[in-house]
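Architecture and fold: a report
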Amino acid sequence: MAAPKKAVLGPLVGAVDQGTSSTRFLVFNSKTAELLSHHQVEIKQEFPKEGWVEQDPKEILQSVYECIEKTCEKLGQLNIDISNIKAIGVSNQRETTVVWDKLTGEPLYNAIAAPVSPGPSDPVAVVPSGSSVPAAGTSSVWLDLRTQSTVENLSKRIPGNNNFVKSKTGLPLSTYFSAVKLRWLLDNVEKVQKAVREDRALFGTIDSWLIWSLTGGANGGVHCTDVTNASRTMLFNIHSLEWDKDLCKFFGIPKKILPNVRSSSEIYGLMKAGALEGVPISGCLGDQSAALVGQMCFRDGQAKNTYGTGCFLLCNTGPKCVFSDHGLLTTVAYKLGRDKPVYYALEGSVAIAGAVTRWLRDNLGIIKSSEEIEKLAKEVGTSYGCYFVPAFSGLYAPYWDPSARGIICGLTQFTNKCHIAFAALEAVCFQTREILDAMNRDCGIPLSHLQVDGGMTSNKILMQLQADILYIPVVKPSMPETTALGAAMAAGAAEGVGVWSLEPEDLSAVTMERFEPQINAEESEIRYSTWKKAVMKSMGWVTTQSSESGDPSIFCSLPLGFFIVSSMVMLIGARYISGIP
């Protein structure tokens, strides 16, 4: 019996989507952007000490190979010829730091992890003036905190208010970014120190480690990164698009261990093993930049919001590098070709988004599953004047008040768990508006609509609330894999591959679900101003270290302690005199 004829679908493009909790490989049709098949493998996190988060780089690499092989098997079962896969793109968790031996290919230490999304217990970033503000976009769940003392020591070396780190990188001096993780490795891991002395060490973020390994590793692997990942290291000058010698000197990082910086769309090298041996790796973007490309936010002023544990908002500011006066980060959005212009973005994060749903489930027990919050909110359709400010460990952009704490206010006897659930969803939307308002003030481009992706976008109540509170349409693509799609688009568009056109007239029309505002502008503003009033109530809550630590001692006030002790003595004396047993 003749073998069934393979389906002809035109050029296909694969995408590695490597995150903190899982690795995936997805294959798209370059002409229609249709997702044809994918495979996912979960990744372990290791917690060797409290506040330390690590991952095994070899496990991450093996998961990529496994995902590629399994996806190719699935394509075979669908009768799709894998020889049609013409390119591979890489999207990755940003800031996570790896150092390995270029002669053996062995990691010299575990990858020091960075957050998948912002979360409830952000550390402080020590800024040059000596004041402390919470670091933008950090996560208690995934963030490794070991470098706090490194940041504090580095901050003392910056004279006065000379914030040369931010002026060159767009980033605050923070535990979040790769430079301080690398500095910690150089200070504390003997194997890393020895390899640097012997000129055997290579540094990279996860994209660098994967591309080097997949293109041959110790046998000629290509040591490179792209501009979006380089811009998150705190060693990269986002103006000159080069490793900055002054920053390398400040952090004490030898330039010889750093990867070559390339554009986000060009052929870096060829796969040297596995089912896709010989296929070029030709796209590379940090995950949030990949989502921006996947959402096709190619024009100035277009923005996307990814709803996860927290939210990541990126606004394309075009070829102009915009610095924020409202606590946002300036970052490289993409550079889609060696000879193409670089585009920049403002980035802001909402600390608590999906995390508030988990808090309602795990801490209060008013829902049994994350999906149940939509059902509860739908039952009432209003918060009935209840407002929830989830400032569990302070307020972030645009307030930067670490003394704030979470509050639920506006409660009446009528308030029930449905109203609190509704208020929790509103809180995500109000926080998003505050970030977008800050972006509008910084770049002066009012947003006409917001493009959204991420797990929480399946909640239709949330999406409608977001449209009402922003008072602009919210647009959600029917194909949710925007991060992987962005990496695939960059790979397929690379010179020498050329199977994916990024010209506006050639981009596939993506089916969108659109949520229009359903309330009037006045009501939207009233609700937003009431939210701001609630935010003010949450501020300045923690006044001393002792109150935060919850010291219940009534004797911390000497006059009060004396009064209580003397009263007890008088009471005991009176009972004794009166003969009461």
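The rules behind each value
- Residues numbered from 1 in each chain as written.
- Predicted model: local features only at pLDDT ≥ 70, side-chain atom pairs only at ≥ 80, totals over all residues.
- Heavy atoms only, no water.
- Helix = DSSP H or I, 4+ residues; strand = E, 2+ residues; numbered from the N terminus.
- Buried < 20%, exposed > 50% of the residue type's maximum accessible area, 1.4 Å probe, protein only.
- Contact = heavy atoms within 4.5 Å.
- Pairing = 2+ DSSP bridges.
- Right-handed = clockwise from strand over helix to strand, strands pointing away.
- Core = buried A, V, L, I, M, F, W, Y, C linked by side-chain atoms within 4.5 Å.
- Axes fitted to C-alpha atoms, helices over the stretch in contact; angles between N-to-C directions.
- Parallel < 35°, antiparallel > 145°, perpendicular 65-115°, else oblique.
- Nonpolar A, V, L, I, M, F, W, Y, C, P; charged D, E, K, R; others polar.
- Arc of directions from axis to C-beta.
- Salt bridge = Lys/Arg side-chain N within 4 Å of Asp/Glu carboxyl O.
- Phe/Tyr/Trp six-rings, centres within 6.5 Å; stacked < 30°, edge-to-face > 60°.
- Lys NZ or Arg CZ within 6 Å of the ring centre and 35° of its normal.
- Polar contact = N/O pair within 3.5 Å; in protein donor to acceptor, adjacent residues only side chain to side chain.

So, the overall build of the chain
Summing up its helical and strand segments, the chain has 17 helices and 25 strands in all. For the chain, the proportion of its 581 residues judged to be buried stands at 59%. Long-range pairs, those at least 24 residues apart, make up 72% of the contacts in the chain with a sequence separation of at least 6.

Observations regarding the pairing of strand β24 (residues 474-477)
In summary, the side chains of a regular strand alternate between the two faces of the sheet. Side-chain alternation along β24 places Val474 and Lys476 on one buried face and Val475 and Pro477 on a second face that is also buried. Relative to β24, strand β23 (residues 450-453) is paired through two bridges, and the arrangement is parallel. Among the inter-strand pairings, Leu450 is bridged to a residue of β24, identified as Val474. Following the chain from β23 across helix α13 (residues 460-470) to the adjacent parallel β24, one finds a crossover that is right-handed. Where β24 and strand β25 (residues 512-515) come together, four bridges link them in antiparallel fashion. Bridging from a neighbouring strand, Val475 pairs with Arg514 of β25.

Some words on the nonpolar core
Tyr307 and Leu450 are the most contacted members of the largest nonpolar core, which totals 66 residues. By residue number, the principal contributor to this core is helix α12 (residues 417-443), which donates 16 residues. When neighbours within four sequence positions are excluded, Tyr307 is seen to be in contact with Val428, Thr432, Leu450, Val452, Asp453, Gly454, Gly455, Met456, Thr457, Leu462, Met463 and Gln466. Counting residues in hydrophobic clusters, the runner-up holds 44 residues, among them Trp52, Ala201, Ile253 and Phe312.

Notes on the sheet that holds strand β18 (residues 311-318)
Across the sheet, seven strands lie side by side as β19-β20-β18-β17-β23-β24-β25; this open sheet has mixed pairing. In this open sheet, the two edge strands, each paired with only one partner strand, are β19 (329-334) and β25. Each neighbouring strand pair of the sheet contributes to a mean axis angle of 30 degrees, computed without reference to strand direction.

Let's talk about the packing of helix α4 (residues 178-188) against helix α5 (residues 190-197)
A pair of packed helices can be characterised by two numbers: the angle between their axes and the separation between those axes. Where α4 contacts α5, the two axes come as close as 6 Å, and the packing angle between them is 90 degrees. Considering their axes alone, α4 and α5 lie roughly perpendicular with respect to each other. Contacts between α4 and α5 involve Leu185, Leu186, Asp187 and Asn188 on the former and, on the latter, Glu190, Val192, Gln193 and Val196. Within the contact of α4 with α5, the residues separate by chemical class into four nonpolar, two polar and two charged.

Thoughts on helix α2 (residues 148-155)
Of the residues making up α2, those classed as buried are Gln148, Thr150, Val151, Leu154 and Ser155. For α2, the angular spread of the buried residues around the axis is 160 degrees, confining them to a single face.

Some details on the pattern of salt bridges
This model, assessed by the stated rule, comprises 23 salt bridges. In this structure, the salt-bridge partner of Arg94 is Asp287, at a minimum N-O distance of 3.3 Å. Within this pair, whereas Arg94 is found in the loop between β5 (85-92) and β6 (97-101), its partner Asp287 is found in helix α9 (residues 287-294), the two being separated by 193 residues in sequence. With respect to class, Arg94 is no different from Asp287; both count as buried. As a salt-bridge pair, Arg433 and Asp437 come within 3.4 Å of each other at their nearest N and O atoms. With Arg433 and Asp437 both in helix α12 and four residues apart, this pair spans about one turn of that helix. Overall, Arg433 belongs to the buried group, its relative accessible area being 9%.

Quick look at the packing of aromatic side chains
Applying the stated criterion across every chain yields a total of 18 aromatic pairs. Between Phe236 and Trp243 the ring centres are 5.7 Å apart and the planes differ by 75 degrees, which places this aromatic pair in the edge-to-face class. Across the pair, exposure class does not vary: Phe236 and Trp243 are buried alike. Seen from their ring centres, Phe388 and Phe392 are 6.4 Å apart, and the 65 degrees between their planes marks the pair as edge-to-face. Phe392 sits in the partly exposed class, given a relative accessible area of 26%. By way of ring pairs, the aromatic residues Tyr387, Phe430, Tyr528 and Trp531 are connected into one cluster. Sitting above the plane of the Phe312 ring, Arg94 keeps its charged end 5.5 Å from the centroid.

Structural notes on the side chain of Ser30
Tracing the chain through its elements places Ser30 in the loop between β2 (22-29) and β3 (35-42). Among the polar contacts made by the side chain of Ser30, one reaches the main-chain carbonyl oxygen of Pro11 at a distance of 2.9 Å. A polar contact is formed between the side chain of Ser30 and the backbone oxygen of Val499, at a distance of 3.1 Å. Each residue touching Ser30, except ones within four places of it in the same chain, is listed here: Pro11, Val13, Val499 and Trp500.

A short note on unusual backbone geometry
One non-glycine residue, Asn79, adopts positive backbone phi at about 65 degrees. Backbone geometry at Asp199 places phi at a positive 60 degrees, although glycine is not the residue there. Asp199 gets classed as partly exposed once you look at its relative accessible area, which sits at 38%.

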